[in-house]
Structure formats: structure tokens, C-alpha cells
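Architecture and fold: a report
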Amino acid sequence: MAEPTHHPRSILALDLGTTTGWALRCHDGLITSGTASFKPGRFDGGGMRYLRFTKWLTELDRLSGPIAAIWFEEVRRHAGTDAAHVYGGLMASLTSWAELRGVPYEGVPVGTIKRHATGKGNANKDAMMAAARTRGFSPADDNEADAIAILLWVLETRGGVE
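Attention now goes to the overall build of the chain. Secondary structure summary: the chain contains five helices and five strands in total. Going from the N terminus to the C terminus, the chain shows its helices and strands as β-β-β-α-β-α-β-α-α-α. Here the chain, with 162 residues, has 43% of them falling under the buried criterion. Taking the contacts inside the chain whose residues are at least 6 apart along the sequence as the reference set, 56% of them involve residues at least 24 apart. If the 18 positive side-chain charges of the chain are averaged to one point and the 18 negative ones to another, these points end up 3 Å apart.

Okay, structure coming up:
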């Protein structure tokens, strides 16, 4: 089934973390991507990274939206406790932001994303970067490459429906 040429609303894909990768398909069909850092400043309180993340989402929605739906990498295991806490806080911020605005959101398992992008469910960071480059993108790092892979998975499988 061919994708319609007119997209009335934007779709956002996120790889949540201190450095969050993002990819956005705008209403005009243009895909942009990048990373956003939510590293706390020296004098920041514990919740400042999440407030900055929420403000960033609001600004992205204002500039490129309205955002119709959000997909994010659903991580079940983290290398460390701090990474797990950051991911959980960002996910809570994301889901509450989306709930307040009536924006649907869905997690996509890591293996699903990697398998779609590279053919291997356990592909490493270099393989994910190479897969994004093969598709014509120039990701700055693996966070951006993962977000691009999520967005392409959403667009090519209709969010896992096909």
C-alpha cells in the first residue's frame, strides 16, 4: 500500500536517554533528525533534566507539529542503574506530556528496531549507524541512528500493523 503524499500531522520517534536521539516526519513528508542533550547542569536539581525534556517536546510540537503520534525505543535492560533511572524519568515525562495532549505513544522493542534496520535483532551501534547511512541519512551518533530506525520502522510497517 502506497503511503499518501499528504501528511496532515507530524510523527516523532525517540531514543530516550541523557542524549536523546530524535527523528521527525513533518506534515509535509520531510524527515529531520538529531540529538538533544538532557545532561544536568552543575547546579541543577534532580528534576531539571525532565523539565527541560518536557519543554523541548513542547517546542518541537509548536515548531513542527502538531505531533500526531510518538514511538520510542522500549528498553527492557540497562547497562547501569543510572541509565535505568534516566530512561524511566524521561519515559514518565514523555507519557505524561502525551497524555495531557491526547497524543498516542507506543514503545517498540529494541530487537524489533534492530532487526528491521539491519536484519539482526542484536545489531551493534556501528551496524545501526551504517544502516541509517545506507538509507541516505547522516546520523551524528547511535542515538540519532536508532531514532531514524524507529521512524523508518513506523513508516514502513504502519507502526507494526504490516
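What follows is about the layout of surface pockets. The space that makes up the largest pocket amounts to roughly 450 Å³. Contributing to the lining of the largest pocket are 22 residues, with Asp15, Leu16, Glu73, Val75 and Asn143 lying nearest its centre. Those elements that place two or more of their residues in the lining of the largest pocket are helix 2 (81–101), helix 3 (110–118), helix 4 (125–134) and helix 5 (142–157). Partitioning the lining of the largest pocket into residue classes produces nine nonpolar, six polar and seven charged.

For the structure on display, the rule yields four aromatic pairs. Relative to tryptophan 56, the ring of phenylalanine 38 lies with its centre 5.7 Å away and its plane at 70 degrees, an arrangement referred to as edge-to-face. Remark: tryptophan 56 occurs in helix 1 (residues 48–64) and phenylalanine 38 occurs in the loop between strand 3 (31–37) and helix 1; sequence separation between them is 18 residues. Judged on exposure class, the residue phenylalanine 38 and its partner tryptophan 56 are both buried. One aromatic cluster is present, built from ring pairs that chain together Trp22, Phe38, Phe53 and Trp56.

Moving on, we come to the packing of helix 3 against helix 4. Helix packing for two helices is described by the angle between their axes and how far apart those axes are. Contact geometry for helix 3 and helix 4: axes closest at 9 Å, N-to-C directions at 50 degrees. By the angle between their directions, the pair helix 3 and helix 4 is classed as oblique. Along this stretch, helix 3 crosses helix 4, giving a crossing that reads as left-handed. Of the residues in helix 4, those touching helix 3 at Ile113, Lys114, Ala117 and Thr118 are Ala127, Met128 and Ala131. Here the contact of helix 3 with helix 4 is built from residues that sort into five nonpolar, one polar and one charged.

Further remarks concern the nonpolar core. Counting residues in each nonpolar core, the largest one holds 24 residues, and the members touching the most others are Leu12, Leu14, Phe53 and Trp56. Where this core is concerned, the elements lending two or more residues are strand 1 (10–15), strand 2 (19–25), helix 1, strand 4 (67–74) and helix 2. A per-element tally of this core places helix 2 first, with six residues. Every residue in contact with leucine 14, bar those within four places of it in the chain, is listed here: Thr20, Gly21, Trp22, Phe53, Trp56, Leu57, Ile70, Trp71, Phe72, Glu73, Leu94 and Ile150. The next biggest cluster of nonpolar side chains, apart from the first, holds 22 residues, and it includes Ala145, Ala149, Ile150 and Val154.

Thresholds applied
- Residues numbered from 1 in each chain as written.
- Predicted model: local features only at pLDDT ≥ 70, side-chain atom pairs only at ≥ 80, totals over all residues.
- Heavy atoms only, no water.
- Helix = DSSP H or I, 4+ residues; strand = E, 2+ residues; numbered from the N terminus.
- Buried < 20%, exposed > 50% of the residue type's maximum accessible area, 1.4 Å probe, protein only.
- Contact = heavy atoms within 4.5 Å.
- Lys, Arg positive; Asp, Glu negative; His and termini not counted.
- Charge placed at Lys NZ, Arg CZ, Asp CG, Glu CD.
- 1 Å grid on protein atoms, 1.4 Å probe; cavity = no way out; pocket = protein on both sides within 12 Å on 5 of 7 lines; lining within 4 Å.
- Points joined across faces, edges and corners; volume = space filled by probe spheres on them.
- Nonpolar A, V, L, I, M, F, W, Y, C, P; charged D, E, K, R; others polar.
- Phe/Tyr/Trp six-rings, centres within 6.5 Å; stacked < 30°, edge-to-face > 60°.
- Axes fitted to C-alpha atoms, helices over the stretch in contact; angles between N-to-C directions.
- Parallel < 35°, antiparallel > 145°, perpendicular 65-115°, else oblique.
- Left-handed = near helix turned anticlockwise from the far one by under 90°.
- Core = buried A, V, L, I, M, F, W, Y, C linked by side-chain atoms within 4.5 Å.

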